[in-house]
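# Observations on chain architecture
Residue-level listing of the chains:
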Amino acid sequence: ADLVESVVRLIDCVPERDAGDDSVSPVAPYRVVNIGRGAPVNLLDFIETIERVLGKKAKRNYLDMQPGDVPRTFASADLLQRLTGYRPPTSLEEGVTALVDWYRDYRRSHGELAY
């Protein structure tokens, strides 16, 4: 829902060259806008949230950092908010619950076993 709301609001935010300090391309009329809540989520908290919503423990296989892994990342919603006045409000718990509910409904409606 946050993604759809963000994209709908961005439709009228046509990028212009030399528009300032956002991510407008100098050679094409596009910009990159992060769509996220703007706060980092610890991977183990994310996994535990999925486990709680599913009511099932994950099979965890802990590995060292792999090539390309980053120790910390999150989406800054500052540009999205500046352009549209909108900052995605969905919490981790709400988002995971909605995704799991959608997935279960989708699997049921297609005659597949829902997890």
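The notes below deal with the structure included here. (Residues numbered from 1 in each chain as written. Predicted model: local features only at pLDDT ≥ 70, side-chain atom pairs only at ≥ 80, totals over all residues. Heavy atoms only, no water.)

Packing of helix H2 (residues 43-54) against helix H4 (residues 92-109) leaves a shortest axis separation of 10 Å and a crossing angle of 45°. Between H2 and H4, the angle is such that the two are oblique. When you trace H2 past H4, the crossing you get is right-handed. Contacts from Asp45, Phe46, Thr49, Ile50, Arg52, Val53 and Leu54 in H2 reach Leu92, Glu93, Val96, Thr97, Val100 and Arg104 in H4. Taken together, the residues that form the contact of H2 with H4 break down as seven nonpolar, two polar and four charged. (Axes fitted to C-alpha atoms, helices over the stretch in contact; angles between N-to-C directions. Helix = DSSP H or I, 4+ residues; strand = E, 2+ residues; numbered from the N terminus. Parallel < 35°, antiparallel > 145°, perpendicular 65-115°, else oblique. Left-handed = near helix turned anticlockwise from the far one by under 90°. Contact = heavy atoms within 4.5 Å. Nonpolar A, V, L, I, M, F, W, Y, C, P; charged D, E, K, R; others polar.)

Following the sequence through the fold, Glu51 ends up in helix H2. For Glu51, a relative accessible area of 7% translates into the label buried. Here Arg60 takes part through its side chain, which lies 3.0 Å from a polar atom of the side chain of Glu51. With residues near it in sequence (within four places) discarded, Glu51 still touches Lys56, Lys57, Ala58 and Arg60. (Buried < 20%, exposed > 50% of the residue type's maximum accessible area, 1.4 Å probe, protein only. Polar contact = N/O pair within 3.5 Å; in protein donor to acceptor, adjacent residues only side chain to side chain.)

This part is about the nonpolar core. One finds Leu10, Cys13, Val33, Leu79, Leu80 and Tyr86 forming the largest nonpolar core, which totals six residues. Setting aside anything within four residues of it in sequence, one finds Leu10 in contact with Val33, Ile35, Leu80, Leu83 and Thr84. (Core = buried A, V, L, I, M, F, W, Y, C linked by side-chain atoms within 4.5 Å.)

Further remarks concern the environment of Thr84. Looking at the element boundaries, Thr84 is found in helix H3 (residues 78-84). Owing to a relative accessible area of 16%, Thr84 belongs among the buried residues under this scheme. Distance from Thr84 to Ser6, taken between C-alpha atoms, is 7.9 Å for residues 78 residues apart in sequence. Apart from the residues lying within four places of it in its own chain, the contact partners of Thr84 are Arg9, Leu10 and Cys13. One polar contact links the side chain of Thr84 to the main-chain amide nitrogen of Tyr86, over a distance of 3.1 Å.

Turning next to helix H1 (residues 2-10). When H1 is considered as a whole, its buried residues turn out to be Asp2, Ser6 and Leu10. The buried residues of H1 occupy an angular sector of 60° when projected down its axis, which confines them to one face. Residues of H1 that are buried sit in contact with H3. (Arc of directions from axis to C-beta.)

For the rest of this paragraph, the subject is the environment of Phe46. Structurally, Phe46 can be placed in helix H2. Here Phe46 falls in the partly exposed class, since its relative accessible area comes to 35%. Each residue touching Phe46, except ones within four places of it in the same chain, is listed here: Val41, Leu92 and Val96.

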